Structure formats: C-alpha cells, structure tokens
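Below are the chains, spelled out letter by letter.
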Amino acid sequence: MLPHTEDTGEPVMRGEKTHEIPFTDLLTWLFGNETYDHNKTIYADALNPERSMTTLEVETKVKSLIGGLRSIGVQPGDAVCIHSFNDIMYPILFLAIIGCGAAFVGTNPGYTAFELEHHFKISGTKFIFVQPSLSKNVNEAAQATSIPRDRIFAFDTGGQQFNEQDELRSFKELLEHDKEDWLKFNDEHSAKTTLMGLFASSGTTGLPKVIALSHYAWVAGSVILREPLERPYEVKRLMCLPSFHGFAAPLTIGVPLRLGQTTYIMPRFDLEVFANSSAMYGINETAVAPPVLQAFLKSPPKTQNKLKTIKRIWCGGAPLNVKLQTEARSCFAEDSEIVNIWGMTEIGITVGMKYDDIDRTGAASKLLANTEARIVNDFGANVTHTGEQGEVQIRTPQCCSGYWGNSEATEELILRNRWVRTGDVAYFKDGKLYIMDRKKEMIKVRGWQVAPAELEAILVSHPRIKDAAVIGIKVGTEDDEHEVPRAYVVPIEVGGITEAEVKDFILSKLSKYKALDGGVYFVDTIPKSPAGKILKKIIRAEWLSKEEQ
Ligand code: ATP
Ligand code: MG
C-alpha cells in the first residue's frame with residue numbers, strides 16, 4: 001500500500017480546456033439539448049431496425065415508466081438492478097430508474113449466482129429487472145439475499161433474444177402507466193450527492209467493486225466528452241459493448257441523447273452481426289475492447305469489406321498494443337483512426353485518449369478537458385522529473401463518490417483535494433502521459449521496475465506468437481529473493497517457436513534487466529476477460545500454484 005501523499009506538488013499534466021459543469025439532474029441535461037431535432041432516431045435495434053426510437057419517443061416512454069416504477073414502490077435512493085444483455089429498452093429502463101431518483105445497478109449478464117449474490121448484497125439491490133433467459137441465477141441470488149419475488153420483473157422487451165416466457169411479472173405492464181415527470185434539481189449539493197448509478201468494476205484483480213456515481217459525475221463526463229465526440233459528419237454509431245459497464249453505458253445511453261447521435265444497439269458482440277449491421281446502416285463510429293479489434297483483423301476480407309464506412313473506433317478497457325492498433329486500421333475506412341482510451345470506472349469512462357501516433361507502449365497521451373494528472377512515487381512524493389515512474393493519480397469532476405458502503409476502501413481511493421489513486425503506473429514525458437501497467441502487476445527486478453504490458457506488447461509483435469502474458473515470479477534464496485519476468489506464450493503453430501528464440505527476441509528489443517529469466521511456458525490460450533484484460537489472478541492461482549507443487 002502506498003503511503004498517503006501530501007498534497008504539495010502541482011499536477012504534471014492538465015487537459016487543455018476547462019468547461020463549466022452545470023449543477024442539474026441527469027435527465028434534464030440529457031433531454032435538454034434543443035440544437036437538434038428531437039424527432040430524430042436515437043436508439044435503433046441493430047437486429048431489427050424497425051424497433052427504433054426518436055428522442056421524443058424516448059422521453060415519453062421514460063416518463064410512463066417512471067410512473068410504472070413509482071407504482072411498484074421504487075423510491076428515491078433505492079438500488080434497482082438491470083440484469084440483461086443490451087436492448088433498445090435498456091436505456092429506457094436505465095433513465096426511468098434514475099428519473100425516480102433511484103440508482104441503476106449494473107450487473108454483468110454473465111455473472112454466476114454467486115457473483116450476483118455478492119453484487120446484490122454490496123449494492124443493497126431492492127428491485128431486479130431480468131432478461132427472462134437469465135432468470136435462473138437471479139432467482140437463486142435473490143433468494144439468498146432475501147429479495148422478495150414480487151420485486152423481480154421480467155425484462156421482456158420484445159427484442160429477438162428477450163421473449164422467452166417466465167412466470168415473473170412483465171415489465172411491459174409498467175410502460176402502460178400515465179406519464180410522470182422525473183425528479184428535478186439544479187443545485188450543487190443535490191447534483192453531487194444524488195446517486196445515479198452503482199457500477200461494477202471489471203473484477204480483474206479480485207471480486208468486482210461497486211462504484212457510486214452521482215448525477216454530477218455523469219453530467220461532467222458528458223460535458224468533457226462533447227468535443228472528442230462531436231464530428232463534422234452525421235454520426236451513426238454501433239454499440240456492442242455491455243451497457244452495465246462504465247465504459248459502454250455513457251456511449252450507448254447518454255451521449256446519443258445529449259448529442260443527437262443515432263446509435264444502433266446490438267445485444268452483444270457477434271462478428272457477423274456487427275459486420276452486416278455496419279454495412280447495412282453505414283456505420284461510421286464504434287467503441288470496442290482490444291479482443292474485438294483482434295477479431296476484425298483475423299476476419300476474412302469479405303467481412304472486413306463491410307467495415308469500410310467506419311471512420312472512428314474508440315478502443316479501451318485493456319492495454320492496446322501498437323501492433324494491433326496499427327494493423328487493425330486496414331479493416332476500416334482509409335482515413336480511419338483508432339483511439340486508445342484509458343480510464344477506469346472510479347473516474348469515469350475515460351480520462352485520457354491516445355490517437356494513433358506511433359509510440360511503442362502506453363495510452364493517454366492527451367488528457368481530456370477538466371482533467372489533471374500527477375505521478376506519485378513509492379514514498380508518496382510528487383514526481384517532477386520527466387520519465388520517472390509512479391502511480392498516476394487523477395483529479396476530475398467525473399470522479400465517483402466512492403465504493404458503495406465501504407468507507408475504508410473509499411479513503412484509500414480518494415485522497416485529499418479529490419485526487420484519486422488509479423493503481424496504474426505511468427510516467428510523463430514530452431507532454432504525454434504513458435500508462436505502463438497496474439501497480440500490482442509491476443515486476444521488481446533487483447530494484448528495476450518492469451511493466452508486463454510492455455513485454456506482452458513486444459511478444460505479440462513477433463510473427464510466430466499469437467498471444468502472451470507476463471507475470472513476475474519470485475526466485476533466489478531467502479536473503480536474496482527477487483522477482484523476474486516469466487512469459488506464457490501462445491505460438492501461432494504448436495512448436496513454431498522455441499524458448500530461446502522468445503528470450504532472444506525480448507533481449508533484441510529491450511534492456512537486459514527485462515530478460516525473461518523466469519522462463520517461457522507455451523500454452524494454448526491466455527485467460528482473459530471479455531474486455532481483453534489478462535486475468536493474472538487465474539494464471540497465478542491455476543498455473544503458477546500447480547508448477548510450485
Ligand atoms: P477491478 O478494479 O475490479 O480489479 P478493473 O480495474 O479491470 O477491475 P475497470 O474499471 O473496468 O476495472 O478497468 C480499469 C482498468 O483497466 C485501469 O485501471 C487500467 O489498468 C485498465 N485499462 C483500461 N483502459 C486501458 C488502456 N487503454 N490501456 C491500458 N490499460 C487500460
Ligand atoms: Mg480497478
């Protein structure tokens with residue numbers, strides 16, 4: 001654990017601009033942009049474009065549903081969960097929950113009953129809307145957490161994958177209600193203290209955490225992201241990322257309404273559906289995680305040809321190596337750009353973005369407006385020399401209010417003067433911020449810090465290596481124990497590359513202290529989250545502990 005830093009130094013880097021963030025409730029903000037025609041289609045079902053809604057229709061449905069939710073007893077401050085794949089009704093329910101002054105609880109449709117139980121417990125979930133095909137795990141978890149059956153509703157929206165029958169009460173009934181207005185406010189205190197969402201972190205390093213975001217944090221995110229999102233052309237966005245997550249929710253739900261940008265929504269990622277939708281609707285923008293870019297790159301030319309209208313791809317959630325960032329551009333429009341965005345749920349969808357200028361590693365060369373960064377070393381001091389590494393800490397109005405119901409963890413996260421610990425190691429050089437890796441993952445080789453992400457990026461750039469993960473392992477005697485990097489490598493062909501070749505390749509590119517002295521192990525696959533985050537907790541628990549036996 002880092003010692004708490006004294007708040008002495010200046011930020012090392014700031015976003016270029018500072019915008020004023022209005023103190024308003026989220027729905028007033030999202031529906032309040034009069035500069036575009038509210039008869040415009042905002043959300044459309046990528047599988048069935050006849051299911052679409054204009055801003056005016058969205059507003060009407062949200063108001064009816066607010067009435068419906070109030071009629072079943074949803075009150076300000078209640079935690080209301082949507083457990084579902086994406087659908088065009090997801091934004092409607094999301095906005096209606098928030099409009100009641102309640103908090104949206106996001107859960108991953110892939111969660112097991114055990115994970116759901118944990119989530120319901122720490123978020124204090126009171127009501128659940130579940131896609132019928134996912135109700136088994138929800139029922140089990142709800143029983144374990146004593147959520148009464150009459151507070152669980154089938155989220156049977158009419159989308160292709162949402163029609164299975166279940167004995168639960170239908171959500172459709174609640175849409176039939178008379179319209180009611182949303183909870184409105186326009187003062188600083190309400191904006192900053194009214195909870196709008198309890199978002200789950202990805203659970204890469206342990207069980208997911210529940211992160212509390214206020215109306216103000218989301219309004220701030222929308223203000224800050226306006227410039228990077230406004231385009232000189234009519235935007236047609238295709239979203240396949242899961243709406244429960246802090247990366248996708250703003251882009252799928254909030255941004256379309258505030259900026260008047262038509263957004264096609266897929267239930268989840270499917271290569272063929274994505275490519276066909278892209279061609280059919282002339283999609284020009286999307287947001288993905290690195291594995292999706294990899295899937296595009298590996299797809300046949302006839303699939304790639306359907307992606308040629310896409311000009312702008314936001315990629316985030318996990319390190320994006322430069323090889324993939326550069327090569328994947330060939331799948332899209334000639335003048336396309338792939339923007340590597342870095343952020344974390346605790347500080348908003350994104351705080352930094354790196355356009356595809358060629359740097360070997362790192363993200364976030366540019367901070368967004370209203371965003372400040374500083375680098376803090378192991379002694380808690382601000383780093384002032386360029387190139388020196390430390391934990392990057394961020395100050396942004398997008399910041400969360402903390403981990404829900406966990407003041408101890410919140411105190412570790414949010415420091416004095418609202419600086420937030422990211423747990424990521426970075427350095428600052430030539431006006432750019434380079435993200436190295438998670439602090440927890442950094443390998444300490446006799447006092448030198450080695451970032452596994454850097455080694456992984458080099459390894460996958462080898463023409464005979466398909467994928468790789470690097471962790472630190474302890475070697476040496478008790479008095480001389482230290483860490484060295486070990487690589488797990490997936491070769492393109494079994495036996496296609498030797499351990500010596502892999503080690504030499506690293507040495508040909510990097511300093512000697514980064515050598516793979518912990519060995520090279522050949523494996524079939526690397527365990528990863530859907531966002532492409534390497535699940536090192538699994539490698540350690542399953543592979544490393546076996547080798548030690
Ligand atoms: P948990 O906190 O539950 O272990 P998580 O940190 O993976 O999970 P998220 O908030 O989804 O949860 O992800 C944020 C983290 O993802 C960042 O702290 C960073 O380590 C990593 N990350 C996100 N985008 C990028 C990027 N573009 N490049 C490198 N790392 C990234
Ligand atoms: Mg995290």
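Above this text sits the structure in question.
Attention in this report is confined to the structure presented alongside it. Counting of residues starts from 1 at the beginning of each chain's written sequence and follows it residue by residue. Chain A is the first chain written and ligand 1 is the first ligand written, with later ones labelled in order. For this predicted model, a pLDDT threshold of at least 70 governs which residues receive local features, and a threshold of 80 or more governs which side-chain atom pairs are given and counted, while totals over whole chains, interfaces and linings are taken from all residues. To get the side-chain values, all heavy atoms of the structure are used, and hydrogens and water are removed first.

1. Some remarks on the overall build of the chain
Here a strand is any run of E in DSSP of at least two residues, a helix any run of H or I of at least four, and the numbering for each starts at the N terminus. Counting its regular elements, the chain contains 17 helices and 27 strands. Burial statistics for the chain: of 549 residues in total, 60% are counted as buried. Two residues qualify as a contact provided that any one of their heavy atoms is within 4.5 Å of a heavy atom in the partner residue. Partitioning the contacts of the chain with sequence separation of at least 6, the portion at a separation of at least 24 is 70%. Per element, the accessible surface of the chain, about 22800 Å² overall, is 49% carbon and sulfur. Partly exposed residues are those whose accessible area sits between 20% and 50% of the maximum for their type, while under 20% is buried and over 50% is exposed, using a 1.4 Å probe and protein chains only. We get accessible surface area from the Shrake-Rupley algorithm with a probe of 1.4 Å; when it comes to residues, only the shown protein chains can shield them.

2. So, the side chain of Thr-252
When you line up the elements, Thr-252 lands in helix H9 (residues 248–259). With a relative accessible area of 1%, Thr-252 lands in the buried category. Beyond its immediate sequence surroundings of up to four residues, Thr-252 is in contact with Tyr-43, Met-239, Ser-243, Thr-263 and Ile-265.

3. Describing the site of ligand 1
In this text, near means that some heavy atom of the residue lies within 4 Å of the molecule or strand in question. The full set close to ligand 1 counts 20 residues, and Ser-201, Ser-202, Thr-204, Thr-205 and Thr-345 are the nearest of them. Within the backbone of Ile-341, a nitrogen or oxygen atom sits 2.7 Å from a nitrogen atom of ligand 1. Two N or O atoms form a polar contact when they lie within 3.5 Å of each other; inside protein one atom must be a possible hydrogen donor and the other a possible acceptor, and for residues adjacent in sequence the pair counts only when both atoms belong to side chains. Between ligand 1 and Arg-438, the relevant distance is 2.7 Å, taken from an oxygen atom to a side-chain nitrogen or oxygen of the residue. The fraction of the free accessible surface of ligand 1 (630 Å²) that becomes covered by protein chains is 94%. Under the scheme applied, nonpolar residues are Ala, Val, Leu, Ile, Met, Phe, Trp, Tyr, Cys and Pro; charged residues are Asp, Glu, Lys and Arg; polar residues are all the others, including Gly. Each residue belonging to the shell around ligand 1 can be placed in one class, and the counts come to six nonpolar, 10 polar and four charged.

4. Let's talk about the sheet that holds strand S25 (residues 465–475)
Spatially, the three strands line up as an open sheet ordered S25-S26-S27, and their pairing is mixed. With partners counted over all chains shown, the strands left at the sheet margins are S25 and strand S27 (520–522), one partner each. Sheet twist, expressed as the mean angle between neighbouring strand axes with direction ignored, is 25°. DSSP-based pairing: two strands are paired if at least 2 bridges between them are found. Pairing analysis gives 10 bridges linking S25 to strand S26 (residues 482–491), with the strands arranged antiparallel. Each bridged residue has a counterpart across the sheet, and for Gly-472 the counterpart in S26 is Pro-485. Sitting on the sheet, helix H16 (residues 499–509) is in contact with S25, S26 and S27, with an inclination near 130° to S27. With axes taken as lines fitted to C-alpha atoms, and helix axes fitted only over the stretch in contact, angles between N-to-C directions fall between 0 and 180 degrees.

5. Some points on helix H11 (residues 290–298)
Buried within H11 we find Pro-290, Val-292, Leu-293 and Phe-296. Along the long axis of H11, the arc covered by the buried residues comes to 160°, so they all point the same way. On its buried face, H11 sits against helix H10 (271–281), strand S13 (285–288), helix H12 (301–304), strand S14 (312–316), helix H13 (322–327) and strand S15 (337–342). By definition, the arc is the one covered by directions from the helix axis to the C-beta atoms.

6. So, the packing of helix H8 (residues 215–229) against H9
A packed helix pair is summarised by two numbers, namely the angle formed by the two axes and the spacing between the axes. Viewed as axis vectors pointing N to C, H8 and H9 meet at an angle of 75°, and their least axial separation amounts to 10 Å. Here H8 lies roughly perpendicular to H9, going by the angle between them. Here Trp-218, Ser-222, Arg-226 and Leu-229 of H8 come into contact with H9, specifically with Ala-249, Pro-250, Leu-251, Gly-254, Val-255, Arg-258 and Leu-259. Partitioned by chemical class, the residues of the contact of H8 with H9 number seven nonpolar, two polar and two charged. Geometric relationships in this document are graded by angle, where less than 35 degrees denotes roughly parallel, more than 145 denotes roughly antiparallel, 65 to 115 denotes roughly perpendicular, and other angles denote oblique.

7. Here's the deal with the environment of Glu-456
Secondary-structure assignment places Glu-456 in helix H15 (residues 452–460). C-alpha separation for the pair Glu-456 and Asn-321, spaced 135 residues apart in sequence, amounts to 8.4 Å.

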